[in-house]
Amino acid sequence: MRSPLSEVKGNVELKKPLVKAPTRLPLSQRRLKRRPDQMEDTLEPQKKRIRGLSTVTKIAPSRPVTSALNTVPQTQGQTTAPKVTKKTGPRCSTTITTVLKNQKPGPAVPTQKPGAATAPVLGVKRPSKRPAWDLKGQLVDLNAELRCYHEKTQTLDQENQQLREQLKETQQQATALGSKHRTLEEELTRLRVQTEHGQQELGNLKAHVLELEEQLGLKEGLVQELQKEQLELQEERRRLATRLEDQERRLQASEAALSCSQVEVASLRQETAAQAALLTERGERLHGLEMERRRLHNQLQELKGNIRVFCRVRPVLPGEPTPLSGFLQFPSGPNGPSNPPTRLSLSWSDERRSTLSGAPAPTTRHDFSFDRVFPPGSRQEEVFEEISMLVQSALDGYPVCIFAYGQTGSGKTFTMEGGLEGDPQTEGLIPRALRHLFSVAQEMSVQGWTYNFVASYVEIYNETVRDLLATRTRKGQGGECEIRRAGPGSKELTVTNARYVPVSCEKEVEALLHLAHQNRAVARTAHNERSSRSHSVFQLQIYGEHTGRGLQCMAPLSLVDLAGSERLDPGLALGQEEQKRLRETQAINSSLSTLGLVIMALSNKESHVPYRNSKLTYLLQNSLGGSAKMLMFVNISPLEENFSESLNSLRFASKVNQCVIGTAQANRK
């Protein structure tokens, strides 16, 4: 055993630094998580132990220093201690922690009691005890030992200073490691958050994978269905391929036929061109024939007379007395009974003369000749057939006017408007004429003609013009109806505040006739339960145009139902109602008289024609002049009691029939 002094001397000579040997053992997870302040707390007991060691060494120099020296392990044969480098990395922190961990406090050195002998140091061979009288020798030994202790103390102070410097460096490294530790903790927190997000995304991906697996199952099912459909389509394709081959064969045959057809088409085109040229030529010829037809038609009507008079005798109605057999006679014409009748005879014997003289009164016979006479059995269709050519003249551009004249109850309204509604056999001249015009206009459209029709229906009651087409909402709101020129310098006449309705079919005409029939002024008279007390004038304005040739025509068709013509009875009692009927009769007779005067003036080619003497003649002046065609129906009763009125009507009609008006001219542009 070496003495402590010799050991200290050996250390001084060798100049070995008392430095903790570095270790490469990894730090535990618990120590890695310590903060710098905890690291200092960990190092603090080590400092205390080092200071305590120095203190013990100074206080008890007599104690052996073996335990104090044993706190710093030494490597045999090592002459220089390794330098401690300042590193902030993980390896450096691990080394420092290991050094601090491996430093163990030395055993505490008990303080020697005063007066007690110093115990010998273990492991040091002490010299033999000097005798008590050898104080000088003992003093020498003590001085030598004291020098050794002083040297040992200096060495320990140097080692302590080095340890302090190492501790300071270690603390700095611990601070750096703390910062690094905090950075690593933040990085760890970030990684944990990323881990949580990753786990959440992983869950979402798992759910998405499940959804995709479900969709995959559906897609697989769909693929199976598509494969099945593909098989069906392949089968269908094979069938279509077969059909295609068949169609190709048929197409080849069709192409062969097409080539033949093209040759035929070429020849047909040549024929079509030739036919088109022929059609154009025939169109020109047809137009020329149509113009010639109109001219000849007009000549025929003129030969028949621009003023014609037809006589119609109504049949005996139920409840009326049957006339004598010789009262009305229809003598045959020059060509026998095969020709339509044109003559009428009235036979009458005055019983008053036979009573005064005592002898039978002679029979008076009145013979009349007209353009056509219709016996009581004549149908409406026969009557219209006779005037249809005259209606055609209106479509050709000639003004046409047709009157129905006669006493009350002679059948004028029946002739013009017809009988029971809905019975085609009893339709009058107005609906039949418009049906004929619509039909002919449709036929003429093939030749390029287009026609428009505008209807109006007015009545003249006591020299006052009324609109028969006024509805309930318009009655009394449109103002008074007046006859005016259509414009400055125009010859066309219009009725102000009256309705002019475009018509294109029979239904529209029937509705207008029904409305006019409700609005017309009628009253009970001695001759008729429902007598017309006004002149009704139905006018149809016809506008025709041929755009290809630039031709236009315009003409009015006037269908007039005159009021009943009765003479005034001098013995009539003048009550309030009778006075009203008297004024009506005076107005009717005045207008009929004016009509006769106008016709006479036209026939005599007088310079002044009194159109303005009556509203009736003023309204119809364009249909009565030299460019117009006029037809009068004189309606008479078959009863003997109406002989006087029938005779007056026939005489008036006979005068009109003797009138001749100049050549008619069409209104063309």
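Residues numbered from 1 in each chain as written. Predicted model: local features only at pLDDT ≥ 70, side-chain atom pairs only at ≥ 80, totals over all residues. Heavy atoms only, no water.

(A) Just the nonpolar core, in detail. In terms of nonpolar packing, the biggest core is built from 51 residues, with Phe403, Leu624 and Leu650 touching the most fellow members. Ranked by residues supplied to this core, first place goes to helix 12 (residues 576-603) with seven residues. Residues contacting Phe403, with those up to four places away along its chain left out, are Val560, Leu562, Leu595, Leu620, Leu624, Met630, Leu631, Met632 and Phe633. By size, the runner-up hydrophobic cluster in this structure holds 43 residues, among which are Val383, Val391, Leu429 and Ala433. (Core = buried A, V, L, I, M, F, W, Y, C linked by side-chain atoms within 4.5 Å. Buried < 20%, exposed > 50% of the residue type's maximum accessible area, 1.4 Å probe, protein only. Helix = DSSP H or I, 4+ residues; strand = E, 2+ residues; numbered from the N terminus. Contact = heavy atoms within 4.5 Å.)

(B) Examining the packing of aromatic side chains more closely. Summed over the entire model, instances satisfying the criterion amount to 10 aromatic pairs. An angle of 15° between the planes, with centres 6.3 Å apart, marks the rings of Phe368 and Phe370 as stacked. Given the relative accessible area of 10%, Phe368 is considered buried. (Phe/Tyr/Trp six-rings, centres within 6.5 Å; stacked < 30°, edge-to-face > 60°.)

(C) Region of the structure containing the pairing of strand 8 (residues 464-467). Of the two faces of strand 8, only the one carrying Val465 and Asp467 is buried; Thr464 and Arg466 on the other face are not. Taking the residues between adjacent antiparallel strands as the criterion, strand 7 (residues 449-461) and strand 8 are bridged by two residues, where Asn462 takes a positive phi near 55°. (Pairing = 2+ DSSP bridges.)

(D) Local environment of the sheet that holds strand 3 (residues 343-349). Taken in spatial order, the three strands line up as 2-3-4 in an open sheet, and their pairing is antiparallel. For this open sheet the edge positions go to strand 2 (328-329) and strand 4 (363-369), each flanked by a neighbour on one side alone. Both strand 3 and strand 4 contribute to a ladder of seven bridges, which runs antiparallel. Across the sheet, Trp348 pairs through a bridge with Thr364, a residue of strand 4.

(E) Expanded view of the pattern of salt bridges. Under the counting rule described, the total for this entry stands at 15 salt bridges. Among the salt bridges present, the one from Arg130 reaches Asp134, with a minimum N-O distance of 2.9 Å. A residue is classified by how much of its surface remains accessible, and Arg130, at 30% relative accessible area, is partly exposed. A relative accessible area of 18% places Asp134 in the buried class. What you see here is one network of salt bridges that share partners, running through Arg130, Asp134 and Asp141. (Salt bridge = Lys/Arg side-chain N within 4 Å of Asp/Glu carboxyl O.)

(F) Just helix 11 (residues 506-519), in detail. End to end, helix 11 covers 20 Å across 14 residues, agreeing with the expected 20 Å (1.5 Å per residue, within 8%). The set of residues buried in helix 11 consists of Val509, Leu512, Leu513, Leu515, Ala516 and Asn519. The buried residues of helix 11 all sit within an arc of 165° when viewed along its axis, so they share a single face. Among the exposed residues of helix 11, those pointing more than 90 degrees away from its buried face are Lys507 and Gln518. (Expected span 1.5 Å × (residues − 1). Arc of directions from axis to C-beta.)

(G) Summary view of the UniProt feature "binding site: ATP" (unreviewed entry) in the protein chain. The UniProt record annotates "binding site: ATP" (unreviewed entry) at Gly406, Gln407, Thr408, Gly409, Ser410, Gly411, Lys412 and Thr413. For Thr408, a relative accessible area of 3% translates into the label buried. As for its position among the elements, Lys412 is in helix 9 (residues 412-416). The class for Lys412 is buried, based on a relative accessible area of 7%. The contact partners of Lys412, leaving out residues within four places of it in the chain, are Ala404, Tyr405, Gly406, Gln407, Asp561, Leu562, Ala563, Gly564 and Asn635. (UniProt positions renumbered as here; feature names shortened; annotations may be inferred.)

(H) Structural context of the side chain of Thr594. You can see Thr594 is positioned in helix 12. Leave out the neighbours within four places in its chain, and Thr594 touches Pro610, Asn613, Ser614 and Thr617.

(I) Here's a closer look at helix 10 (residues 429-444). Helix length check: helix 10 (16 residues) gives 22 Å between terminal C-alpha atoms against 22 Å at 1.5 Å per residue, within 8%. Leu429, Ile430, Pro431, Arg432, Ala433, Leu434, Leu437, Phe438, Val440, Ala441 and Met444 are the residues of helix 10 that are buried.

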